[in-house]
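# Descriptive structure summary
What follows is the residue order along each chain.
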Amino acid sequence: MPVPRPWPRRLVESEAARPLILIVVIFVLWDMVIRLFRIPPYLIPTPLSVAGMLVTEWPRLLREGLITGYATLGGFALSILLGIPIAMLIAYSRLVESYVYPLLVFSQSIPKIAIAPLFVVWFGFGIFPKVISAFLLGFFPVVVATVMGFKSMEPEMIDLARSMRASRWQMFMKFSLPQALPSIFSGLKVSATLAVVGAVVGEFVGSNSGIGYLLQIANGNFDLPLMFAALFVLSMMGVLLFGVVELAEKLMIPWHQSRRGDAVGLAV
Amino acid sequence: MAESATGGAGVAAPAALIRVRGVAKTYRAAEGDVQSLLPLDFDIRQGEFLSVVGPSGCGKSTLLKLIAGLLPVSHGVIDIAGQQVDGPAPGIGIVFQNHVLLAWRTVLQNVMLQIEVRKLPRESGLEHARKLIDMVGLNGFENKFPWQLSGGMQQRASICRALVHDPAILLMDEPFGALDAMTREKMNLELQRIWAAARKTVLLITHSIPESIFLSDRVLVMTERPGAIAAIYDVALPRPRTLAMMGSPEFARLAQTIRGHFYSQGTLDH
């Protein structure tokens, strides 16, 4: 006779609930540490005051969050639109690789915060410098992962395609691209979270709107609950974008190893 | 570039479909040129099953790639039905060492890849694909993905892919090397059946002496690197062959003779 499992057990075993449970545990620990060590609220706010701030300041957080969100999406879209073609050129041409790749790595070593003010000088206070900043952070992981994806084709598979007398276009569409997709998606996931960071960096150095701007104001006023609430909104944005990329991955490459547990597994 | 018909080995038999004349292969490496194949001369006849056995690294896979047109020859000429090979020829199907089935395609889609890429008519291709899948005993698995199949089934699917465009020639590069011994014997029986039904000209690269004898009309034995032809043996066993024949004295004698080539060279290829 199967005994129905008690609900706490079922809750712990549900995969969707696990991160939420961990968050609850962290919140409780956070609260306990503050009480135990008598940490003053100007150093670390209590979870409750942050939650309160989230509720009372929600319209403002949402407004500023959307602004940061647009910049993030813009930068992320640019990372995809420029990153994937550039990566393909690098993967397919030795010449392009030898010219561009070292320079690309070199450019990544420049701290973005250091050059972000430059974008304000060049492009003013609008959304544009933020988009550029988000793009600069999100771009590199897409390129690296895509190059790897296109280069990881087995020699035997190339022989197979050649034995079928595949044209370059067929080689790309039927072999290389599907083969590279899993790798491209892992790059996109890293890029999605970095684009959020990039947008905020852009807002830090020169902007009068967005979560980054709000963070600076809160910081200036020692308004720690607002700051934490803004950080929370920012994290949620990263999670959301990551989730969208994962959903796209699930739909586009249901055949991949990492997906075999769920999507295709049902067909077995 | 057609050579006169008298230039061959002079065996009175069906016409040679594949002619290999003075074919050698040299690889350019950092430390200088590496000779992979010494000049080779042999024919593969229409409808023949020819195996090439030799120690690891003797260049037998290179030989297959040369005939497939996947590698250029350094010297000599290969022609197929009188046409000089200079690139992948249309009437060839290849089974590789690994199944190289595309992970994002089902068995049927993987077989149909050959039809799609070659832009052959889809209807008749589909019909032939289903027939082949049926012949190799994969019916019921058409819509499974490669990772849902066993190693033997994967290789059967890749044999279907190599045959679906009805090529005159089937080239196989150690196709069963990755399979366990029992599956391998089963696949050998299967391949014999397929060959008997489809009547292709087959070149099989293998390092299993029993496998080469069991399946072939002739066995070409290669020397150690740089590869050359040590000997070519006719296999006189009647067809269809059974696994029990592997225990016959004729079989054992031939296996012993072929094995002798490798012992005398001081190598022992498993």
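It should be emphasised that the depicted structure is a prediction, and the values quoted were computed from it without experimental measurement.

Each partner contributes residues to the interface: chain B has 26 residues there, and chain A has 20 residues. When the area that chain B buries against chain A is broken down by residue, the three leading residues are Trp104(B), Val117(B) and Trp147(B), summing to 30%. At the surface where chain B touches chain A, the tally comes to two salt bridges. Remark: the boundary between chain B and chain A carries eight residue pairs in polar contact (both at pLDDT 80 or more).

All names here are of chain B. Reading across the sheet, the six strands line up as S6-S7-S8-S3-S9-S10 and stay open at both edges, with mixed pairing between neighbours. Taken across any chain shown, the strands that pair with only one partner, and hence form the sheet edges, are strand S6 (92-95) and strand S10 (229-234). Direction aside, the axes of adjacent strands within the sheet are offset by 15° on average. Sheet topology places S6 next to strand S7 (residues 169-173); four bridges connect them, and they run parallel. Note that in S7 the partner of Ile92 across the bridge is Ile169.

Residues and elements named next belong to chain A. At a closest axis distance of 7 Å, the pairing of helix H9 (residues 168-205) and helix H10 (residues 211-220) adopts a crossing angle of 55°. Here H10 runs oblique to H9, going by the angle between their axes. The interaxial crossing formed by H9 with H10 has right-handed handedness. Between H9 and H10, the residues in contact are Val200, Glu203 and Phe204 and Ile211, Gly212, Tyr213, Leu215 and Gln216, respectively.

Residues and elements named next belong to chain B. Strand order in the open sheet made by the four strands is S2-S1-S4-S5, with antiparallel pairing throughout. Both edges of this open sheet fall to strand S2 (32-45) and strand S5 (83-84), since each of them pairs with a single strand only. The sheet contact formed by strand S4 (residues 75-80) and S5 spans two bridges and is antiparallel. When the bridges of S5 are listed, Ile80 appears paired with Gln83. Running at roughly 65° to S2, helix H1 (residues 60-68) makes contact with strand S1 (16-29), S2 and S4 of the sheet.

Quick look at the domain arrangement of chain A now. All names here are of chain A. In terms of domain boundaries, chain A breaks down into domain 1 (1-39) and domain 2 (46-267). Put simply, the middle of domain 1 and the middle of domain 2, counted by C-alpha atoms, are 31 Å apart. If you look at the interface, domain 1 gives four residues, while domain 2 gives four residues. Summed over both sides, the interface between domain 1 and domain 2 buries roughly 400 Å², with carbon and sulfur atoms accounting for 85% of that surface. Taken as a group, Phe27, Trp30 and Asp31 account for 79% of the area that domain 1 buries against domain 2, more than any other trio of residues on that side.

Moving on, we get to the domain arrangement of chain B. Residue and element names in this part refer to chain B. Parsing chain B into structural domains produces domain 1 (45-91 + 168-265) and domain 2 (100-166). Computed over C-alpha atoms, the centres of domain 1 and domain 2 are 24 Å apart. Counting from both sides, the interface comprises 16 residues of domain 1 and, opposite them, 12 residues of domain 2. Taken over both partners, the interface formed by domain 1 and domain 2 buries close to 1,100 Å², and the fraction arising from carbon and sulfur atoms is 65%. Of all residues in domain 1, Met187, Ile194 and Lys200 give up the largest surface area on contact with domain 2, accounting jointly for 35% of the area buried on that side. Summed over the shared surface of domain 1 and domain 2, the result is two salt bridges. Counting across the interface, domain 1 meets domain 2 through five residue pairs in polar contact (both at pLDDT 80 or more). Elements with a minimum of two residues in the side of domain 1 that touches domain 2: S7 and helix H5 (181-198). The element best represented in the side of domain 1 that touches domain 2 is H5, accounting for seven residues. Partitioning the side of domain 1 that touches domain 2 into residue classes produces 11 nonpolar, one polar and four charged.

What counts, and where the lines are drawn
- Residues numbered from 1 in each chain as written.
- Chains lettered and ligands numbered in written order.
- Predicted model: local features only at pLDDT ≥ 70, side-chain atom pairs only at ≥ 80, totals over all residues.
- Heavy atoms only, no water.
- Contact = heavy atoms within 4.5 Å.
- Buried area = accessible area lost by both parts, 1.4 Å probe.
- Salt bridge = Lys/Arg side-chain N within 4 Å of Asp/Glu carboxyl O.
- Polar contact = N/O pair within 3.5 Å; in protein donor to acceptor, adjacent residues only side chain to side chain.
- Pairing = 2+ DSSP bridges.
- Helix = DSSP H or I, 4+ residues; strand = E, 2+ residues; numbered from the N terminus.
- Axes fitted to C-alpha atoms, helices over the stretch in contact; angles between N-to-C directions.
- Parallel < 35°, antiparallel > 145°, perpendicular 65-115°, else oblique.
- Left-handed = near helix turned anticlockwise from the far one by under 90°.
- Domains from an automatic or database assignment.
- Nonpolar A, V, L, I, M, F, W, Y, C, P; charged D, E, K, R; others polar.

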